[in-house]
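# Observations on the model geometry
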Amino acid sequence: MRSEREMYQLILGYAQQDPRVRGVILNGSRANPTAKLDQFRDYDIVYLVTDVAPFKEGDISPAFGEVLVMQRTDENQLFHEHFPRLAIYLMQFADGNRIDLTIAPVEDYRPYCFDDKLSVVLLDKDGFLPHLPPPDESTHAVERPSAQVFQECRNEFWWTAPYMSKGLWRGQLPYAQHILEECTRPMLRLMLSWLAGSQKGFPVFPGKAGWNLENLLPQGVWQRYLATYAPCSRMPLWDALREACVLFTQASRHTAKALGYSWQDNWDESVPLFMEKTQEDIAALAEQFKAQGLEVGVTNGVGCTILGLVGDTTALTVSNPDAKEIVFSDPSQLPEDTTFYIVPGDTADFLLTLAADVDPEATFVYCYFDGNQACVLDYAGEGGYAFSSGIDSM
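These notes cover the structure that comes with them. Residues take numbers from 1 onward in each chain, read along the sequence in its written order. Restriction of local features to residues with pLDDT of at least 70 applies here, the model being predicted, together with a cutoff of 80 or more for giving and counting side-chain atom pairs; totals for whole chains, interfaces and linings are based on all residues. Neither water nor hydrogens contribute to the side-chain values; these are computed over all heavy atoms in the structure.

## Focus on the overall build of the protein chain
- Regarding its fold elements, the protein chain presents eight helices and 17 strands.
- Looking at the protein chain residue by residue over its 394 residues, the buried ones come to 43%.
- Contacts: residue pairs with any heavy atoms within 4.5 Å of one another. Sequence-distant contacts, at least 24 apart, represent 63% of the contacts inside the protein chain between residues at least 6 apart.
- Of the roughly 20300 Å² that the protein chain leaves accessible, carbon and sulfur atoms contribute 54%. What counts as a helix is a DSSP run of H or I of at least four residues, what counts as a strand is a run of E of at least two, and both are numbered from the N terminus. Buried, partly exposed and exposed residues are distinguished by accessible area as a fraction of the type maximum, computed with a 1.4 Å probe on protein chains only: under 20%, between the cut-offs, and over 50%, respectively. Values of accessible area rely on a 1.4 Å probe in the Shrake-Rupley scheme; residue burial ignores everything except the protein chains shown.

## Brief notes about the pattern of salt bridges
- Here a salt bridge means any side-chain nitrogen of Lys or Arg lying within 4 Å of a carboxyl oxygen belonging to Asp or Glu. One pass over the full model with this rule turns up 18 salt bridges.
- Of the charged contacts, one joins aspartate 126 and arginine 22 as a salt bridge, the two residues approaching to 2.9 Å between their closest N and O atoms. You can see aspartate 126 sitting in the loop between β8 (119–124) and α4 (147–170) and its partner arginine 22 sitting in strand β1 (residues 21–27), a full 104 residues away along the chain.
- For aspartate 126, a relative accessible area of 45% translates into the label partly exposed.
- We note a salt bridge from lysine 56 to aspartate 74, for which the minimum N-O separation is 2.9 Å. Of the two residues, lysine 56 sits in helix α2 (residues 53–57) while aspartate 74 sits in the loop between β3 (67–71) and β4 (75–76), which places them 18 residues apart along the sequence.
- Through salt bridges that share partners, Arg154, Arg253, Asp265, Asp268 and Glu269 make up one connected network.

## What to know about unusual backbone geometry
- Omega for the peptide link from phenylalanine 202 to proline 203 comes to -5°, which places this bond in the cis form.
- Inspection of the secondary structure assignment puts proline 203 in the loop between α5 (173–200) and α6 (219–226).
- Even without glycine at this site, histidine 80 takes up a positive phi of about 55°.
- Phi angles above zero are rare outside glycine, and alanine 209 is one such case at about 60°.
- Structurally, alanine 209 can be placed in the loop between α5 and α6.
- In this structure alanine 209 comes out as exposed when scored by relative accessible area, which is 52%.

## Quick notes on the side chain of aspartate 265
- Its location among the elements puts aspartate 265 in the loop between α7 (234–259) and α8 (267–291).
- Within 3.5 Å is the distance limit for a polar contact, defined as a pair of N or O atoms, with the added protein rule that one can donate a hydrogen and the other accept it, and that residues adjacent in sequence qualify only through two side-chain atoms. A polar contact is formed between the side chain of aspartate 265 and the side chain of glutamine 151, at a distance of 2.9 Å.
- A polar contact is formed between the side chain of aspartate 265 and the backbone nitrogen of tryptophan 267, at a distance of 3.1 Å.

## Regarding the packing of α6 against α7
- Interaxial distance between α6 and α7 falls to 9 Å at its minimum, and their mutual angle equals 145°. In this structure, α6 crosses over α7, and the sense of that crossing is left-handed. Side by side, α6 and α7 meet where Val221, Arg224 and Tyr225 of the first sit next to Glu243, Val246, Leu247 and Gln250 of the second.
- When its residues are assigned to classes, the contact of α6 with α7 shows four nonpolar, one polar and two charged. Only the stretch in contact is used when a helix axis is fitted, and all axes are lines through C-alpha atoms; the angle between N-to-C directions ranges over 0 to 180 degrees. Less than a right angle of anticlockwise turn of the near helix away from the far helix marks a crossing as left-handed, whereas a clockwise turn marks it as right-handed. Side-chain classes follow a simple rule in which Ala, Val, Leu, Ile, Met, Phe, Trp, Tyr, Cys and Pro form the nonpolar group, Asp, Glu, Lys and Arg form the charged group, and the remainder, Gly included, forms the polar group.

Next up, the structure:
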């Protein structure tokens, strides 16, 4: 594997001998004086050139070594990337080194100097680049949150967690894991970063995907965070979600106390209870349907549609003539005010009527169908909402 010295000699040697290259900038972790560098750290390089077109139309990668795999992300249909003023070479070499090379016009130097404070000028042939301060990590820091941002993080966590719970019940394991990793986990990671900051002082640097939280959090908290990663199987995912909720609650409370914040909601208690009860109740409901000889499913096209109504603020009128109303009153299994309707086929027509003290024109009513895609029902007059479509849950 070529050494760091050899790589810089190669990068700068090419720039020196090509008259079109007028400046070279290093960005990223190799510009970080506090980073623990290893042999696999990328070289994030910017060539500032007089004419981008030859680099965009040709291929200069062979000049840097034997390429194992390369991406040209300046023009990419798969990810809809189109950067007409750039040529981008992401080069993984067979010896283990990697160069991420951006080639830009000389007049576009400013973002490469100032957008990331981990920036170092390696070459300036014409003296056109500004004098940069010593590089630091501040661009990548997590700062102390405002009270509003803190609450918005809490809201996003508790809003997304039930999506995962419903995905688990439906048996949509890849979907449930996607929600955990892409929606719920980022909020947990952010809250843990704030917890670390409240204990050690802001700013903090959790690193990409939170890898450095291991060095910022108490070891017990870090181990509990690792326990929120799970294989794509129902019970491990359910356990990971429960642990994530408990950890988020405790981190939120400790951080709020340290920062002097508070809240009026009870999401920490009500949402986990809802998810626990939903898992129990819906499983029990399905079993009771099966005991009655009813083949029911929770996705469209299985044979029946389940419409559920909970609470005393609404009334539901199902227009399908063959709809069968089933009321369960076993309090150990379901809330006693829960009514379900079995509708043959995979579509349902119904009218949702709000209670007299609820202004229907000022109310949003949501319905979930086709794999948990939300839509807003249209106000139909007479104090209610009408909908006709395939329904899996409401």
